[in-house]
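If you want the building blocks of each chain, they are given just below.
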Amino acid sequence: MSRIILTTIGSLGDLHPKIAIALGLRQRGHEVAFATHKEYQSKIETLGFEFHRMRPDNQALHDPQEMARMMDLQKGTEYVIRQWVCPSLRDTYSDLMTCAQNADFIIAGEGVLVARMVAEKLGICWASTVLQPLAFLSSYEPVVLPVFPFLAKFQGLGAIANKGIFQLSKVMTKSWAEPVHTLRRELDLPPLMGNPFIDDKYSPDLVLAMFSSIFAKPQPDWPASTVQTGFTFYDDSQARAELPPELRQFLATGEAPIVFTLGSAAVMAPGRFYQESIQAAKLLNRRAVLLIGNNAPPENLTDEIIAVNYAPYSQIFSHACAIVHQGGIGTTAQALRAGRPMLVMPYSHDQPDNAARVERLETSLTLPRKQYSAVRVAKRLQELLENPNYAAKAAAIGRIIQSENGVSMACDVIEKQLKGISI
């Protein structure tokens, strides 16, 4: 069978969907290796996959100040690209080239800019992956750009106005791409026709749009090689991680709680999220579960409010009456699949756009991070919990997503590429 390199950078929200595909491909007999941050080595090797360290390291996973810079609403995306991704391009290229020498196919996560260069140098096919609709920057649907949040109000003006907005995005980010163009010249690769962060970042062989059509429908300006697979789900439940005993006991002894979480990245820079969440739960006289990561347990907990470091979303979200989260695509997908109403407090990157999408689905409400206070949170949650339409709509969408099989779809189209069958 084929040897496939899966490469990704970022948080667990970026890694987990790729693990889901890797498990599916391995089950079909393919050899799968990962090239990613050294911080994920143990997770990858525990699952039995070959691991290769690919720089840059993800030190923000252990550095709250660095994570805060990366998650800044207006400057976070620029910081990630200019201060983290691009300075390491040559190291990233070297690391990926080393492990891809005998590969038949490369599957690249968003931001692995050198995957295209490695594939071109080795003369092999590759696939780009898109985890969130915002990455397509379609002119045919409303989007929320954290870099230009004020432009969101103009999205209702239609495709012509949207194209103008995206042209402005290309101009504003042009200088970000200079290190990419420089490295391509050094490698004697042909110049790109467009911006590698906007409109010239997709594989001509295959683009995997790894989200449900209920979340975002295909658009006319998506690349012709795009296949929409649906969400691909993985969390540690597949590795037989279980709910902590104290959490199982808590869930079994009372009404459904509100679950508060900040995913795997924003949890490093929580601010007052947990303190305000505790007070909101008390104002509502509701039970609550706080997923706090490596943060110290918050004060003022009661018998009706429990804090645990981690719980697989696939096991905890279905027990919730509502889910409050940061809007990361992995968290959002799991909450949609669980069929529960949401209150979203987005940080940066794709999160404001994800929040807007689930709100348009009538399953959620949005509260800006700067407005996240106990009184406001309690008010929004009360609206979610007392209006049965939110729960009904969320449950209906949950059933649709549960019926989809994104992993099978993704593996099918990857195998077609390996066999030289046009998509």
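Up top is the structure these notes are about.
So, here's what we can say about the structure. (Residues numbered from 1 in each chain as written. Predicted model: local features only at pLDDT ≥ 70, side-chain atom pairs only at ≥ 80, totals over all residues. Heavy atoms only, no water.)

Some remarks on the pattern of salt bridges
Counted by the stated rule, this structure contains 19 salt bridges. Ionic pairing is found between Arg53 and Asp57, a salt bridge with its closest N-O pair at 2.7 Å. Arg53 gets classed as partly exposed once you look at its relative accessible area, which sits at 41%. Given a relative accessible area of 14%, Asp57 falls into the buried group. (Salt bridge = Lys/Arg side-chain N within 4 Å of Asp/Glu carboxyl O. Buried < 20%, exposed > 50% of the residue type's maximum accessible area, 1.4 Å probe, protein only.)

Comments concerning the pairing of strand β5 (residues 125-130)
Burial within β5 is extensive, with five of its six residues counted as buried. Across four bridges, the pairing between strand β4 (residues 105-108) and β5 is parallel. Bridged to Ile106 within β5 is Trp126. As for the winding sense of the linkage, the β-α-β connection from β4 through helix α6 (residues 114-122) to β5 is right-handed. Relative to strand β6 (residues 206-209), β5 runs parallel, the two sharing four bridges. Paired with Val130 across the strands is Ala209, a residue of β6. (Helix = DSSP H or I, 4+ residues; strand = E, 2+ residues; numbered from the N terminus. Pairing = 2+ DSSP bridges. Right-handed = clockwise from strand over helix to strand, strands pointing away.)

Re unusual backbone geometry
The omega torsion across Arg55 and Pro56 is 5°, close enough to zero to call that bond cis. Along the chain, Pro56 turns up in the loop between β3 (50-53) and α3 (64-70). Even without a glycine there, the phi angle at Glu362 is positive, about 65°. Following the sequence through the fold, Glu362 ends up in the loop between α13 (351-360) and β13 (364-366).

A word on the pairing of strand β11 (residues 322-325)
Going residue by residue along β11, you find Ala322 and Val324 tucked away on one face and Ile323 and His325 tucked away on the opposite face as well. Sheet topology note: the strand β8 (residues 258-261)/β11 ladder contains three bridges and is parallel. Counted as the bridge partner of Val259 is Ile323 from β11. Pairing geometry for β11 and strand β12 (residues 342-344), over three bridges, is parallel. Across the sheet, Val324 pairs through a bridge with Leu343, a residue of β12. Assessed by its sense of winding, the connection that carries the chain from β11 through helix α12 (residues 329-338) to β12 is right-handed.

A closer look at the packing of helix α1 (residues 12-27) against helix α16 (residues 406-418)
The geometry of α1 relative to α16 is characterised by a closest axis approach of 9 Å and an angle of 60° between their N-to-C directions. Crossing handedness for the pair α1 and α16: right-handed. Residues Ala20, Ile21, Gly24 and Leu25 of α1 lie in contact with α16, whose contacting residues are Val407, Ala410, Cys411 and Ile414. Here the residues of the contact of α1 with α16 are counted per class, giving seven nonpolar, one polar and no charged. (Axes fitted to C-alpha atoms, helices over the stretch in contact; angles between N-to-C directions. Left-handed = near helix turned anticlockwise from the far one by under 90°. Contact = heavy atoms within 4.5 Å. Nonpolar A, V, L, I, M, F, W, Y, C, P; charged D, E, K, R; others polar.)

Section: the sheet that holds strand β1 (residues 3-7)
Read from one edge to the other, the open sheet built from seven strands follows the order β3-β2-β1-β4-β5-β6-β7, with strand pairing classed as parallel. For this open sheet the edge positions go to β3 and β7 (226-228), each flanked by a neighbour on one side alone. Put simply, the sheet's adjacent strands are angled 20° from each other on average, direction ignored. Helix α5 (residues 89-99) contacts β1, β2 (31-36) and β3 of the sheet and is inclined by roughly 160° relative to β1. Packed on one face of the sheet, α16 meets β1, β4, β5, β6 and β7 and runs near 180° to β6.

Topic: the environment of Asp57
As for its position among the elements, Asp57 is in the loop between β3 and α3. Linking Asp57 and Leu131, residues 74 residues apart in sequence, is a C-alpha distance of 21 Å. With residues up to four places along the chain from it excluded, the contact list for Asp57 reads His37, Lys38, Glu39 and Trp84. A polar contact is formed between the side chain of Asp57 and the side chain of Arg53, at a distance of 2.7 Å. (Polar contact = N/O pair within 3.5 Å; in protein donor to acceptor, adjacent residues only side chain to side chain.)

What to know about the packing of aromatic side chains
The final tally for this structure, using the stated rule, is eleven aromatic pairs. With a centroid separation of 5.8 Å and 25° between ring planes, the pair formed by Phe136 and Tyr202 is classed as stacked. Of this pair, Phe136 sits in the loop between β5 and α7 (159-173) while Tyr202 is found in the loop between α8 (178-186) and β6, placing the two residues 66 residues apart along the sequence. We note that Phe136, like Tyr202, is buried. Centroid distance Phe211 to Trp222: 5.9 Å. Interplanar angle 85°. Geometry classified as edge-to-face. Note that Phe211 is positioned in the loop between β6 and β7 and Trp222 in the loop between β6 and β7, a separation of eleven residues in sequence. The exposure class assigned to Phe211 is buried, which follows from its relative accessible area of 0%. Linked through ring pairs, Phe136, Tyr202, Phe211 and Trp222 together constitute an aromatic cluster. Above the ring of Phe250, the side-chain terminus of Arg287 is found at 4.0 Å from the ring centroid. (Phe/Tyr/Trp six-rings, centres within 6.5 Å; stacked < 30°, edge-to-face > 60°. Lys NZ or Arg CZ within 6 Å of the ring centre and 35° of its normal.)

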